[in-house]
Amino acid sequence: MRICVIGTGHVGLITCVSLAELGYEVVGIDSDEEKMEQLTRGVSPFFEPGVQEYLTKGLAAGNLRFSAQPEECIPDADVVFVCVGTPARATGEANLIAVEQAATVVAKHASGRTVVVEKSTVPAGTSARVKRTLQRECTDQAEELEVVSNPEFLREGMAVEDSLHPDRILIGAEAEWAFEVMRELYRPLTDQGSPLIETNIATAELAKHACNAFLALKISYANALARICERAGADVVSVADVMGSDPRIGRAFLNAGLGYGGYCFPKDLVAFERLAARSGYNFGLLHEVAAINEQAIEAAVDKVKDALWNLEDKKIAVLGLSFKPGTDDVRFSPALALAARLIEEGARVVGYDPEASTGAKAEVPEIEIAPDAYEALSGAHCAVVATEWGEFAQLDLERVKSEMAYPVVVDGRNVFDPQVMRAAGFVYYPAGRQPVL
Ligand code: UDX
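Residues numbered from 1 in each chain as written. Predicted model: local features only at pLDDT ≥ 70, side-chain atom pairs only at ≥ 80, totals over all residues. Heavy atoms only, no water.

(A) Structural detail: the overall build of the chain. Of the regular secondary structure elements, the chain holds 19 helices and 14 strands. Over its C-alpha atoms the chain spans a radius of gyration of 24 Å, differing by no more than 12% from the 22 Å that the globule rule assigns to 437 residues. Principal axes of the C-alpha set define a box for the chain whose edges measure 75 × 45 × 40 Å. Within the chain, the proportion of its 437 residues that are buried is 53%. Considering only intrachain contacts with a sequence separation of at least 6, the fraction spanning at least 24 residues in the chain is 70%. When the accessible surface of the chain is split by element, carbon and sulfur atoms take 52% of a total near 19,000 Å². (Helix = DSSP H or I, 4+ residues; strand = E, 2+ residues; numbered from the N terminus. Rg over C-alpha atoms; globule rule 2.2 N^0.38 Å. Buried < 20%, exposed > 50% of the residue type's maximum accessible area, 1.4 Å probe, protein only. Contact = heavy atoms within 4.5 Å. Areas by Shrake-Rupley, 256 points an atom, 1.4 Å probe, with all protein chains shown as cover.)

This is the structure:
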């Protein structure tokens, strides 16, 4: 089966390398010629475990290539994945211009039966618009083109693993022949045990938003609990453990802290709320989820202020800058939102991240970057753990204390044990747990 993937961002490139790994002939298409050259040379444009390795492997095996010329590859494709960006407009709605452009390109160059797969996260109803574009732009053989929704559930940092061992594969389609092509495409994964769920197209589109919004809701629930626990003398980690031991609830995504970030949850939640509003339903719950998420940052700022009084002339070390560990992605990173707030309050912020320093500096130019955690902590009046990279839990606390001007730690991700911090002589503010003062 021959496959084209339009868009070689996070979702697109991982789709390329994973399908090449399954043995298909894959061409990644992107209008960014420089990026196509870089990928052809075998260099991944971003850090994501496994991508570089599978990129090298696919290029060497000869079944993976990249092109800026859609006319060269789309005519031969049986399946075209649309993996272009769907950024938020100022209103919060998803901007679908790139999806429309991709549909136009496919309509222009497709030849013979071709399945057009929406993999970008799009609002329910988008496939109908894509179909209409295909029909308008490809009048001679529009019936040969079928639209399918196949949302991805990849977690950054685990994306290749999630792609090759998915916990579910979701296919929304209309025509039986399109379902059959997708079943065949994913047979290597269903044979190894991944379940395939078949629905109509609108259901598949909506299910993706429903999953992301629900996971965000779980996180905000934990963060709201954290605020109450702090006031009531309770411990949010234990509360989450109790909740999580009920299999109907589950422990995952109940970790309180600085809240969720990244390119999916914040954007998808607002887009879902906008979609609901457009269809005449006020999904106010989602609005509250986003508000609680923002309060999580403010709660951490309040702790820093509580510890340091005025922030002018204070040095604050922010440990972790990516939106979560295991990635260099800083888009909508809670760590950077916090750093920006501390800078706004007059603090000097020195950040450290094992992977995301360059991206962080580009996003918040006022932040100073240290080459390692101890350097960031040197002379700091307060340390904030903003992203739970494994190395932070391994820090030598004696050395941390001797490097810092004041031994104050605001733990935005509950990385440390409060008892250990007490014994080590720190003033310690966790999230949703009792502080050590
Ligand atoms: C998410 C979904 O998990 C994935 O299925 C979807 O396809 C894309 O969006 P991702 O954005 O990579 O994946 O990150 P995820 O691991 O879900 O974490 C999102 C954010 O929530 C991070 O900022 C993380 O730190 C935060 N988080 C997660 C919490 O604050 N608490 C938790 O308990 C879990």
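(B) Molecular detail of the sheet that holds strand 9 (residues 315–319). In space, the six strands of this open sheet follow the order 11-10-9-12-13-14, with parallel pairing throughout. With partners counted over all chains shown, the strands left at the sheet margins are strand 11 (368–369) and strand 14 (427–429), one partner each. Looking at chain direction, strand 9 and strand 12 (residues 382–385) are connected through four bridges and run parallel. Directly across from isoleucine 316, in strand 12, lies its bridge partner cysteine 382. Where helix 13 (residues 284–308) meets the sheet, it contacts strand 9, strand 12, strand 13 (408–411) and strand 14, and its direction lies at approximately 170 degrees from that of strand 13. (Pairing = 2+ DSSP bridges. Axes fitted to C-alpha atoms, helices over the stretch in contact; angles between N-to-C directions.)

(C) How the structure looks around the site of the ligand. Around the ligand sit 19 residues in total, of which Glu156, Asn255, Gly261, Phe323 and Lys324 are the nearest. Contacts to the ligand include leucine 154, whose backbone N or O atom sits 3.1 Å from an oxygen atom. Leucine 254 places a main-chain nitrogen or oxygen 3.4 Å from an oxygen atom of the ligand. When the ligand is considered free in solution it has 670 Å² of accessible area, and contact with the protein chains removes 92% of it. It is helix 10 (residues 201–232) that contributes the most residues to the shell around the ligand, three residues altogether. Partitioned by chemical class, the residues of the shell around the ligand number nine nonpolar, four polar and six charged. (Near = heavy atom within 4 Å. Polar contact = N/O pair within 3.5 Å; in protein donor to acceptor, adjacent residues only side chain to side chain. Nonpolar A, V, L, I, M, F, W, Y, C, P; charged D, E, K, R; others polar.)

(D) The packing of helix 13 against helix 14 (residues 334–344), seen in detail. Interhelical geometry of helix 13 versus helix 14 gives an angle of 45 degrees and a closest axis separation of 10 Å. With respect to each other, helix 13 and helix 14 are oriented oblique. As helix 13 runs across helix 14, the sense of the crossing is right-handed. Facing helix 13, whose interface residues are Ile297, Glu298, Ala300, Val301 and Val304, helix 14 presents Pro334, Ala337, Leu338, Arg341 and Leu342. Along the lines of polarity and charge, the residues of the contact of helix 13 with helix 14 split into eight nonpolar, no polar and two charged. (Parallel < 35°, antiparallel > 145°, perpendicular 65-115°, else oblique. Left-handed = near helix turned anticlockwise from the far one by under 90°.)

(E) Spotlight on the packing of aromatic side chains. For the coordinates displayed, the defined rule picks out six aromatic pairs. When the centroid spacing of 5.9 Å and the interplanar angle of 80 degrees are considered together, the rings of tyrosine 260 and phenylalanine 265 count as edge-to-face. Per residue, the accessibility class of tyrosine 260 equals that of phenylalanine 265, and both read buried. Ring centres of tyrosine 352 and phenylalanine 392 lie 6.1 Å apart, and the angle between their planes is 75 degrees; this geometry places the pair in the edge-to-face category. Note that tyrosine 352 is positioned in strand 10 (residues 348–352) and phenylalanine 392 in helix 17 (residues 390–393), a separation of 40 residues in sequence. (Phe/Tyr/Trp six-rings, centres within 6.5 Å; stacked < 30°, edge-to-face > 60°.)

(F) Expanded view of the nonpolar core. Counting residues in each nonpolar core, the largest one holds 39 residues, and the members touching the most others are Ile3, Val26, Phe81, Val115 and Met182. With residues near it in sequence (within four places) discarded, valine 26 still touches Ile3, Val5, Cys16, Leu19, Ala20, Asn63, Leu64 and Arg65. (Core = buried A, V, L, I, M, F, W, Y, C linked by side-chain atoms within 4.5 Å.)

(G) Structural context of unusual backbone geometry. Even without being a glycine, phenylalanine 253 presents a positive backbone phi close to 65 degrees. Note on phenylalanine 253: relative accessible area 33%, which makes it partly exposed. Located in the positive-phi region is tryptophan 309, a residue other than glycine, with phi close to 65 degrees. Position of tryptophan 309 among the secondary structure elements: in the loop between helix 13 and strand 9.

(H) A look at the environment of alanine 68. Note on placement: alanine 68 falls in the loop between strand 3 (64–67) and helix 4 (70–73). Taking the C-alpha atoms as reference points, alanine 68 and isoleucine 97, 29 residues apart in sequence, are found 19 Å from one another. Discounting chain neighbours no more than four positions away, the residues touching alanine 68 are Asp30, Glu33 and Met36.

(I) Structural view of helix 1 (residues 10–21). Look at helix 1: 17 Å from first C-alpha to last across 12 residues, which is about the 16 Å you get at 1.5 Å a residue. Within helix 1, 10 of the 12 residues are buried, which leaves the element mostly enclosed by the surrounding structure. Residues His10, Gly12, Leu13, Ile14, Thr15, Cys16, Val17, Ser18, Leu19 and Ala20 constitute the buried set of helix 1. Glycine 23 sits one or two positions beyond helix 1 and adopts a positive phi of about 105 degrees. (Expected span 1.5 Å × (residues − 1).)

(J) View of the environment of glutamate 294. Inspection of the secondary structure assignment puts glutamate 294 in helix 13. Under the relative-accessibility criterion, glutamate 294 is labelled exposed at 58%. In sequence terms glutamate 294 and serine 378 are 84 residues apart; their C-alpha atoms lie 29 Å from each other.

(K) Quick peek at the pattern of salt bridges. Applying the stated criterion to the full structure yields 28 salt bridges. With a closest N to O distance of 2.4 Å, glutamate 93 and arginine 278 form a salt bridge. Residue glutamate 93 is found in the loop between strand 4 (79–82) and helix 5 (97–109), and its partner arginine 278 is found in helix 12 (residues 265–278); the two are separated by 185 residues along the sequence. Note on glutamate 93: relative accessible area 18%, which makes it buried. For arginine 278, a relative accessible area of 67% gives the class exposed. Between arginine 348 and glutamate 368 there is a salt bridge, and its shortest N-O distance comes to 2.9 Å. Of this pair, arginine 348 sits in strand 10 while glutamate 368 sits in strand 11, and the two are 20 residues apart along the sequence. You can call arginine 348 partly exposed: its relative accessible area is 42%. (Salt bridge = Lys/Arg side-chain N within 4 Å of Asp/Glu carboxyl O.)

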